[in-house]
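Residues per chain, in single letters:
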Amino acid sequence: KAGVTQTPRYLIKTRGQQVTLSCSPISGHRSVSWYQQTPGQGLQFLFEYFSETQRNKGNFPGRFSGRQFSNSRSEMNVSTLELGDSALYLCASSLHRATDTQYFGPGTRLTVL
Amino acid sequence: AQKVTQAQTEISVVEKEDVTLDCVYETRDTTYYLFWYKQPPSGELVFLIRRNSFDEQNEISGRYSWNFQKSTSSFNFTITASQVVDSAVYFCALSNQTGANNLFFGTGTRLTVIP
């Protein structure tokens, strides 16, 4: 079974721009979660989508948003990029319950200049 | 509140040595789940183990073993006869059963195995 895929793998943007990251979950998985990883803050939960609905959200500003499509693929968007948004963005998928194991993709490394 | 502490920031061992990575957690929930993930230089988080709060049995998988002790709120991870391929950052994580599907991660332990 194919794992979680994320595109693109690397992105370079400038301040003020916006960016969209994509995540395709493992086949059959209906829950997709997003995490941000930075050297200073570590791994932090952004949000989770299940059945096209945001089920949970972490403590991030409204510039961070996401959505999920009917095939469970998910996208996250960051508007008005700031230097501090430079990070590795990881997507994880799980079957459906909150406590199912999450399997991670390779991540998208975003650099904001 | 949920919290995971990995006090060891970096550990270096010589190949074939055993190494234990510590994880201490805090939660008010009686039902919770603990995880270990490995993050090699490529960046992807690789799932290693999941344990629920009602199962305190230790687990062994090849060279890996896990010691879960609710009395001390610890979930330690031991690698026996370490290999260079074990070099990575290891994360301990906690989730609860509130319906919120998010993992609380520790800060990670960077393990370097020296050949």
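Criteria and thresholds
Residues numbered from 1 in each chain as written. Chains lettered and ligands numbered in written order. Predicted model: local features only at pLDDT ≥ 70, side-chain atom pairs only at ≥ 80, totals over all residues. Heavy atoms only, no water. Pairing = 2+ DSSP bridges. Helix = DSSP H or I, 4+ residues; strand = E, 2+ residues; numbered from the N terminus. Axes fitted to C-alpha atoms, helices over the stretch in contact; angles between N-to-C directions. Phe/Tyr/Trp six-rings, centres within 6.5 Å; stacked < 30°, edge-to-face > 60°. Buried < 20%, exposed > 50% of the residue type's maximum accessible area, 1.4 Å probe, protein only. Contact = heavy atoms within 4.5 Å.

Colleague: So what's going on with the sheet that holds strand β3 (residues 19-24) of chain A? Which residues, and what values?
Modeller: Residue and element names in this part refer to chain A. The strand order β1-β3-β8-β7 describes an open sheet built from 4 strands, whose pairing is antiparallel. The strands lining the two open edges of the sheet, one partner per strand, are β1 (5-7) and β7 (64-68). Each strand axis lies, on average, 20° off the axis of its neighbour in the sheet, ignoring direction. Inspection of the sheet shows β3 paired to strand β8 (residues 74-78) by 5 bridges, in the antiparallel sense. Each residue of the ladder has a partner; that of serine 22, found in β8, is glutamate 75.

Colleague: Quick one: what's the story with the packing of aromatic side chains, residue by residue and with numbers?
Modeller: Any pair of aromatic rings gets described here by the distance separating the centres and the angle formed by the planes. Residues and elements named next belong to chain B. The tally for this structure, following the rule as stated, stands at 20 aromatic pairs over all chains. Between tyrosine 25 and phenylalanine 68, the aromatic rings sit 6.2 Å apart at their centres with planes inclined by 45°, giving tilted as the arrangement. Placement of the pair is tyrosine 25 in strand β4 (residues 24-26) and phenylalanine 68 in strand β8 (residues 64-69), with a sequence separation of 43 residues. For the pair tyrosine 25 and phenylalanine 68, a shared accessibility class is recorded, and that class is buried. The interplanar angle of 90° and the centroid separation of 5.2 Å between the aromatic rings of tyrosine 64 and phenylalanine 77 together place this pair among those described as edge-to-face.

Colleague: I'd like to hear about the environment of glutamine 44 of chain A, residue by residue, with values.
Modeller: Residues and elements named next belong to chain A. Along the chain, the position of glutamine 44 falls in strand β5 (residues 42-50). Sequence separation between glutamine 44 and leucine 90 is 46 residues; the distance between their C-alpha atoms is 9.8 Å. Ignoring sequence-local partners within four residues, the contact set of glutamine 44 consists of Trp34, Tyr35, Gln36 and Phe60.

On their own, these measurements won't tell you what the molecule is for.
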